[in-house]
Amino acid sequence: MGSLTKRISEGKILVSDGAWVTFLQSKGLEPGTCPELWNLEHFEEVASIAASYAAAGSDMVETNSFGANLFKLEQFELGAQAYALNKAAAEASRHGVGPEKLVLGSVGPTGKFLMMGEVSENELFEAFALQCQGLKDGGADAIIVETMTDLEEAVIAVRAAKSTGLDVVCSMTFDALPDGTFRNEKGIAPAEMVEPLMAAGADVLGSNCGNGTTGMIKITAEIRATHTTVPILIHANAGLPICKDGITVFPESPADMSALTLQLIEAGANIVGGCCGTSPEHIKAIARMVKVKNSMLDY
Ligand SMILES: [Zn+2]
């Protein structure tokens, strides 16, 4: 059992963190540049984001490595630094939060399509394995494969993450359909990801992005109805984005999101954090509700 699954097995609801890239942009990251280069060039700034979330009440923080796979880094001519950028990502988060909190190494999609023959399964596996090894060597406690919309790619990423020996979370992104159900781009429902991802070695399943908390409550219930015990992680957006004066804004305040936290936990979530539009203030409000829930679990 790894350190994440051990924490979960203690029975308390855990809090993770919120958005990273918007946070980096607020510190000066220019759009169109490689966010992960900051792990080497602005190490303390990256570490301070992790520290902000830890101070807000996160039990675990992610790493600035979402796009640090070989394929995305090659677009910035940084492919040769894939291992070093991932290792520095985990080191920065660890530096920011100290030894007690958990560090989850973030692994996002490659943007390459297996179905179209742009990449082979083996090339994908090797790229993910290199990324995960860098994260592990930098001190990550677990890997979170996230924002996945292609189940095949997610399965390969989970297998590669698992090859490091760390605990693995796999979080997929679903769209709400007009009929009230949720599907990814290829028509896969939340219930349908459970068996293949667990067979690939995922220890925790979940969903992030694409929906506000209201949608995530339904997704959580669907996963829980399919598997009664698998730990579930949910990172909802701060509502669905709206365009205001030409800029995208996420409408839900920390109070709006935290008002739904208990319902999310009742539906089956074990780990609650946030995705697009969430800040340390959102996490602080969510953490307050989780604390209430955990104090009830003591009795
Ligand atoms: Zn998001």
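Sequence order sets the numbering: in each chain, residues are counted from 1 along the sequence as written. The predicted origin of the model limits local features to residues at a pLDDT of at least 70 and limits the giving and counting of side-chain atom pairs to 80 or more, whereas totals for whole chains, interfaces and linings rest on all residues. Only hydrogens and water are set aside when side-chain values are computed; all heavy atoms of the structure are taken into account.

## Brief notes about the layout of surface pockets
- Taken as a whole, the largest pocket spans an internal volume of roughly 540 Å³.
- What lines the largest pocket is a set of 29 residues, and nearest its centre among them are W20, V21, F66, T147 and C276.
- Starting at the N terminus, helices and strands are each numbered in turn, a helix being any DSSP run of H or I of at least four residues and a strand any DSSP run of E of at least two. Looking at the lining of the largest pocket, the elements with two or more residues in it are α2 (21-26) and β4 (142-148).
- Gly is placed with the polar residues, together with every amino acid not listed as nonpolar (Ala, Val, Leu, Ile, Met, Phe, Trp, Tyr, Cys and Pro) or charged (Asp, Glu, Lys and Arg). Looking at side-chain class alone, the lining of the largest pocket contains eleven nonpolar, 13 polar and five charged residues. Cavities and pockets are found on a 1 Å grid laid over the protein atoms alone: a cavity is a set of points where a 1.4 Å probe fits but cannot escape, a pocket is an open set with protein on both sides within 12 Å along at least five of seven lines, and a lining residue has an atom within 4 Å of such a point. Grid points are joined across faces, edges and corners, and a volume is the space filled by probe spheres set on the points.

## Quick word on the environment of A80
- Looking at the secondary structure, you find A80 in the loop between α5 (70-74) and α6 (82-97).
- Between the alpha carbons of A80 and L70 there is a distance of 8.0 Å; along the sequence they are ten residues apart.

## A closer look at empty space enclosed by the protein
- Taken as a whole and judged by the stated rule, the model has one cavity of 30 Å³ or more.
- As a volume, the largest cavity reaches approximately 30 Å³.
- If you trace the largest cavity, you find it lined by T213, I234, A236, M257, T261, L264, V272, G273 and I286.
- Looking at the lining of the largest cavity, the elements that each hand over two or more residues are β9 (232-236), α12 (261-267) and β12 (271-274).
- Taken together, the residues of the lining of the largest cavity break down into six nonpolar, three polar and no charged.

## Re the coordination of the zinc ion
- Each metal site is built from N, O and S donor atoms within 2.8 Å (3.2 Å for Na, K and Ca), and since water is not included, such sites may look incomplete. All of the protein donors around the zinc ion are C209 (SG), C275 (SG) and C276 (SG); their distances to the metal are 2.2 Å.
- Within one chain, the residues donating to the zinc ion are spaced in sequence as C-x65-C-C. Linking C209 in the loop between β8 (204-208) and α10 (213-226) with C276 in the loop between β12 and α13 (280-297), this pair joins segments that are 67 residues apart in sequence.
- Under the relative-accessibility criterion, C209 is labelled buried at 15%.
- Relative accessibility thresholds used throughout: buried, under 20% of the residue-type maximum; exposed, over 50%; partly exposed, between the two (1.4 Å probe, protein chains only). Accessibility expressed as a relative area gives 28% for C276, which makes it partly exposed.

## A look at helix α9 (residues 190-200)
- Of all the positions in α9, only P190, M193, V194, L197 and A200 are classed as buried. Buried residues of α9 fall within an arc of 145° about the axis and therefore sit on the same side. Across from the buried face of α9, at angles greater than 90 degrees, the exposed residues are E195 and A199.
- What makes two residues a contact is simply this: any of their non-hydrogen atoms within 4.5 Å. Tucked into the core, α9 has its buried residues touching α8 (151-162), β5 (167-172), β7 (182-183), β8 and α10.
- Of the residues trailing α9, G201 is marked for its positive phi of about 120°. Directions from the helix axis toward the C-beta atoms define the arc.

## Description of the pairing of β9
- Burial within β9 is extensive, with five of its five residues counted as buried.
- Throughout, right-handed denotes a crossover for which the path from the first strand over the helix to the second runs clockwise when the strands point away from the viewer. A crossover links β8 with its parallel partner β9, the connecting element being α10, and its sense is right-handed.
- Where β9 lies against β12, four bridges are found, and the strand directions are parallel. Note that in β12 the partner of I234 across the bridge is V272. DSSP bridges decide pairing: two strands pair if at least two such bridges lie between them.

## Topic: the packing of helix α4 (residues 43-56) against α6
- Only C-alpha atoms enter the line fits that serve as axes; for helices the fit covers just the stretch in contact. Angles between N-to-C directions range over 0 to 180 degrees. Orientation of α4 relative to α6, taken along the N-to-C sense of each, is 50°, at an axis distance of 7 Å. Taken together, the axes of α4 and α6 are oblique relative to one another. Every pair of crossing elements has a handedness; the one defined by α4 and α6 is right-handed. Mapping the contact onto sequence places F43, E44, V46, A47, A50, A51 and A54 in α4 and A88, E91, A92, S93, H95, G96 and V97 in α6.
- For the contact of α4 with α6, the class distribution of residues is nine nonpolar, three polar and two charged. In this scheme, roughly parallel covers angles under 35 degrees and roughly antiparallel covers those over 145, while 65 to 115 is roughly perpendicular and the rest are oblique. Here a crossing is called left-handed whenever its near helix is offset anticlockwise from the far helix by less than a right angle, and right-handed whenever the offset is clockwise.

## Description of the side chain of E252
- Here E252 shows up in the loop between β11 (247-249) and α11 (254-258).
- His is not counted, nor are the chain ends, whereas Lys and Arg count as positive and Asp and Glu as negative. By definition here, a salt bridge exists when the distance from a side-chain nitrogen of Lys or Arg to a carboxyl oxygen of Asp or Glu is within 4 Å. For the buried E252, no salt bridge is present, and the opposite-charge side chain at shortest range is K218, 12 Å distant.
- Those residues within four positions of E252 in sequence are excluded, and the remaining contacts are T213, N237, A238, G239, M257 and H282.

## Focus: a nonpolar patch on the surface
- Among the surface-exposed residues, F113, M115 and M116 lie close enough to one another that they form a single nonpolar patch of about 390 Å² accessible area.
- Of note, M115 is situated in the loop between β3 (102-107) and α7 (121-137).
- Note on M115: relative accessible area 64%, which makes it exposed. Candidate patch residues must exceed 30% relative accessible area and have no salt bridge, after which like charges are joined if within 9 Å and Val, Leu, Ile, Met, Phe, Trp or Tyr side chains if within 5 Å. Surface accessibility in these figures is a Shrake-Rupley result with a 1.4 Å probe; residues are shielded only by whichever protein chains are displayed.

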